[in-house]
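# A structural walkthrough
Residues per chain, in single letters:
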Amino acid sequence: MSEEVIDLLREAYGDEMETVMNYQTNAIVLDGVRAEEIKDSLQTDIQEELTHAEQLGNRLKQLDARPPGSAEFTASQDSLQPPEDSTNVLSVIEGVIDAEEGAISLYRDLIDAAEAADDPVTEDLAVTILSEEEAHRSEFKGYRKEYKRD
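Report on the accompanying structure. (Residues numbered from 1 in each chain as written. Predicted model: local features only at pLDDT ≥ 70, side-chain atom pairs only at ≥ 80, totals over all residues. Heavy atoms only, no water.)

## Focus: the side chain of Gln77
Tracing the chain through its elements places Gln77 in the loop between helix 2 (36-62) and helix 3 (89-116). Residue Gln77 is classed as buried on the basis of its relative accessible area, which comes to 9%. At 2.7 Å, the side chain of Gln77 forms a polar contact with the side chain of Thr19. In this structure Gln77 touches Asp15, Glu18, Thr19, Asn22 and Ala99, once residues within four positions along its chain are discounted. (Helix = DSSP H or I, 4+ residues; strand = E, 2+ residues; numbered from the N terminus. Buried < 20%, exposed > 50% of the residue type's maximum accessible area, 1.4 Å probe, protein only. Polar contact = N/O pair within 3.5 Å; in protein donor to acceptor, adjacent residues only side chain to side chain. Contact = heavy atoms within 4.5 Å.)

Encoded structure:
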């Protein structure tokens, strides 16, 4: 099996777990009537991100590898940290878009690596998750348009 595929799967697993933590934190700390729709969306997407992590972890196990534990990953989602001003919903929206763009790039790399390694199962998994990440980015770009218009 390709070490590159394993490394990318492990990176994606860590990113999904970090996203869960950041979505949960932002869903808790945001305040204001306008924040409710964003909070609801983040709460809904937490389960999807957990499912992605589970799928990636299971794929690693199938490849005789293992997902990383918390001591094995470095947090990188600086733009998705909760804002100092709990009513700054736009900063969370921007952070989500940034995180989704990072995920999209990573899944595209994984698709390429899996194709090169002749690993259609990992490739198919990455394509499926990529589609969901693109849909989530699109949703938050819509929120950004609404917030910038106001």
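## A short note on helix 3
End to end, helix 3 covers 41 Å across 28 residues, agreeing with the expected 40 Å (1.5 Å per residue, within 8%). Asp118 sits one or two residues past helix 3 and shows a positive phi near 55°. (Expected span 1.5 Å × (residues − 1).)

## Observations regarding a negative patch on the surface
Together, Glu3, Glu4, Asp7, Glu11, Asp109, Asp112 and Glu115 make up a negatively charged patch on the protein surface. Mapped by element, the contributors of at least two residues to the negative patch are helix 1 (3-29) and helix 3. By secondary structure assignment, the location of Glu11 is in helix 1. (Patch = residues over 30% accessible without salt bridge, like charges linked within 9 Å, V, L, I, M, F, W, Y side chains within 5 Å. Areas by Shrake-Rupley, 256 points an atom, 1.4 Å probe, with all protein chains shown as cover. Salt bridge = Lys/Arg side-chain N within 4 Å of Asp/Glu carboxyl O. Lys, Arg positive; Asp, Glu negative; His and termini not counted. Charge placed at Lys NZ, Arg CZ, Asp CG, Glu CD.)

## Digging into the packing of aromatic side chains
Applying the stated rule across the entire model yields one aromatic pair. Relative to Tyr143, the ring of Phe140 lies with its centre 5.0 Å away and its plane at 85°, an arrangement referred to as edge-to-face. A residue pair is termed a helical-turn pair when its members lie 3 or 4 positions apart in one helix, as Phe140 and Tyr143 do in helix 4 (residues 120-149) at three residues. Comparing Phe140 with Tyr143 shows no difference in burial state: the two are buried. The ring of Tyr147 has Arg34 sitting right over it, with the charged end atom 4.2 Å from the ring centre. (Phe/Tyr/Trp six-rings, centres within 6.5 Å; stacked < 30°, edge-to-face > 60°. Lys NZ or Arg CZ within 6 Å of the ring centre and 35° of its normal.)

## Some words on the pattern of salt bridges
One pass over the full model with this rule turns up seven salt bridges. Put simply, Glu72 and Arg66 hold a salt bridge, and the shortest N to O gap is 2.9 Å. Residue Arg144 pairs with Glu94 through a salt bridge whose shortest N-O separation is 3.2 Å. Of this pair, Arg144 sits in helix 4 while Glu94 sits in helix 3; the two residues are 50 residues apart in sequence, bridging distant segments of the chain. Residue class for Arg144 comes out partly exposed when judged on its relative accessible area of 23%. Through salt bridges with shared partners, a single network forms among Arg10, Arg66 and Glu72.

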